[in-house]
Amino acid sequence: GAAAATWRDALVALGRRAEIALAAVTPVPPPRTEAARRIGLLAIEQAAWAFCEADDRFSVAATRTEIDWALKHGRLTVWAPSHLATAALRHPAPDPDAPVALAVWLAQELGAEMLAATAVPADLPAGVRHLAGPRDLASLDQEDPG
């Protein structure tokens with residue numbers, strides 16, 4: 001919708017390499033089985049594909065190779081978590097009912113310099129920047145891009 005379009009425009013205007021991690025459109029309940037966990041991950045992937053569908057400036061990335069290539073070439077991609085989250089053995093990924101924790105996990109896996117989230121600030125781990133809306137992305141311009 002309009003909110004997604006505003007976010008897409010703000011992310012493009014930021015001019016930084018970024019990997020975008022979304023939550024499912026409808027909150028995912030805590031999974032009780034592996035099948036429920038995978039269904040939750042697929043719900044997040046569905047949100048990623050829907051976010052990218054209307055705007056060819058964005059693409060979906062599922063593997064570490066796809067993410068690394070996109071970041072190296074300055075592409076804005078939205079993470080489809082099923083592949084990485086189910087393949088992770090050394091550092092297991094959080095369940096899909098905790099999308100902020102899942103984004104923190106991805107940031108740690110990628111060695112990200114910064115993580116910004118739109119979640120309620122009380123739910124954010126220390127060090128994660130809170131963005132109340134797309135306009136808050138401009139505040140990131142005042143920080144060293146690395």
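Residues numbered from 1 in each chain as written. Predicted model: local features only at pLDDT ≥ 70, side-chain atom pairs only at ≥ 80, totals over all residues. Heavy atoms only, no water.

**Student:** Just to check I follow, could you spell out the environment of E109 for this structure?
**Tutor:** Mapped onto the fold, E109 is located in helix α5 (residues 99–110). Here E109 falls in the partly exposed class, since its relative accessible area comes to 32%. Along the chain, E109 and F58 lie 51 residues apart, while their C-alpha atoms are 21 Å from each other. Beyond its immediate sequence surroundings of up to four residues, E109 is in contact with R64 and H91. (Helix = DSSP H or I, 4+ residues; strand = E, 2+ residues; numbered from the N terminus. Buried < 20%, exposed > 50% of the residue type's maximum accessible area, 1.4 Å probe, protein only. Contact = heavy atoms within 4.5 Å.)

**Student:** Would you explain the sheet that holds strand β2 (residues 58–61) in this entry?
**Tutor:** Adjacent strands of a sheet form backbone hydrogen bonds with each other and so pair up, either parallel or antiparallel. Spatial ordering of the open sheet is given by β1-β3-β2, a layout of three strands whose pairing is parallel. Edge positions in the open sheet fall to β1 (18–20) and β2, since each of these has one partner strand only. Taking each pair of neighbouring strands and ignoring which way they run, the sheet shows an average axis angle of 35°. In the sheet, β1 pairs with strand β3 (residues 76–79) via three bridges, with the strands oriented parallel. Pairing of I20 across the sheet is with V78, part of β3. Across the sheet, helix α2 (residues 34–53) lies against β2 and β3, angled at about 160° from β2, the strand it touches most. (Pairing = 2+ DSSP bridges. Axes fitted to C-alpha atoms, helices over the stretch in contact; angles between N-to-C directions.)

**Student:** What is the right way to look at the packing of helix α3 (residues 64–72) against α5 in this model?
**Tutor:** The relative placement of two packed helices comes down to the angle between their axes together with the axis-to-axis distance. Interhelical geometry of α3 versus α5 gives an angle of 70° and a closest axis separation of 12 Å. The angle between the axes of α3 and α5 places the two elements in the roughly perpendicular class. Judged by residue contacts, R64, I67 and D68 of α3 engage L106, E109 and L110 from α5. Classifying every residue of the contact of α3 with α5 by side-chain character gives three nonpolar, no polar and three charged. (Parallel < 35°, antiparallel > 145°, perpendicular 65-115°, else oblique. Nonpolar A, V, L, I, M, F, W, Y, C, P; charged D, E, K, R; others polar.)

**Student:** Looking at this structure, I do not really get the side chain of T77. What am I missing?
**Tutor:** Mapping T77 onto the fold places it in strand β3. Only 2.3 Å separates the side chain of T77 from the side chain of E19, close enough to count as a polar contact. What T77 contacts, discounting residues up to four positions off in sequence, is A18, E19, I20, S59, A61 and A70. (Polar contact = N/O pair within 3.5 Å; in protein donor to acceptor, adjacent residues only side chain to side chain.)

**Student:** I keep staring at the nonpolar core and nothing clicks. Help me out?
**Tutor:** For soluble globular proteins, nonpolar side chains are generally found buried alongside one another. Residues L11, F51, C52, F58, V78 and L137 are the most contacted members of the largest nonpolar core, which totals 17 residues. Counting residues per element, the ones that place at least two in this core are α1 (2–14), β1, α2, β2 and β3. At four residues, the largest contribution of residues to this core is made by α1. Setting aside its immediate chain neighbours within four residues, L11 contacts I20, F51, F58, L76 and L137. Grouped together as the second largest cluster of nonpolar side chains are 15 residues, V28, L41, A88 and L106 included. (Core = buried A, V, L, I, M, F, W, Y, C linked by side-chain atoms within 4.5 Å.)

**Student:** How do you make sense of the pairing of β3 when you look at a structure like this?
**Tutor:** Each regular strand displays side chains that alternate between the two surfaces of the sheet. Covered by surrounding structure in β3 are L76 and V78 together with T77 and W79, the residues of both alternating faces. For β2 and β3, the ladder comprises four bridges, and the chain directions are parallel. Pairing of A61 across the sheet is with W79, part of β3. At this point the chain moves from β2, through α3, to the parallel β3, and the crossover so formed is right-handed. (Right-handed = clockwise from strand over helix to strand, strands pointing away.)

**Student:** What am I meant to see in α2 here?
**Tutor:** One turn of the α-helix equals 3.6 residues, which is why residues spaced by three or four share an orientation. Its 20 residues give α2 an end-to-end C-alpha distance of 28 Å, which sits within 8% of 28 Å, the value for a rise of 1.5 Å per residue. Taken residue by residue, α2 has R37, G40, L41, I44, E45, A47, A48, F51 and C52 as its buried positions. Seen end-on, α2 carries its buried residues on one side only, within an arc spanning 150°. Facing away from the buried surface of α2 by more than 90 degrees, the exposed residues are I39, Q46, W49 and E53. (Expected span 1.5 Å × (residues − 1). Arc of directions from axis to C-beta.)

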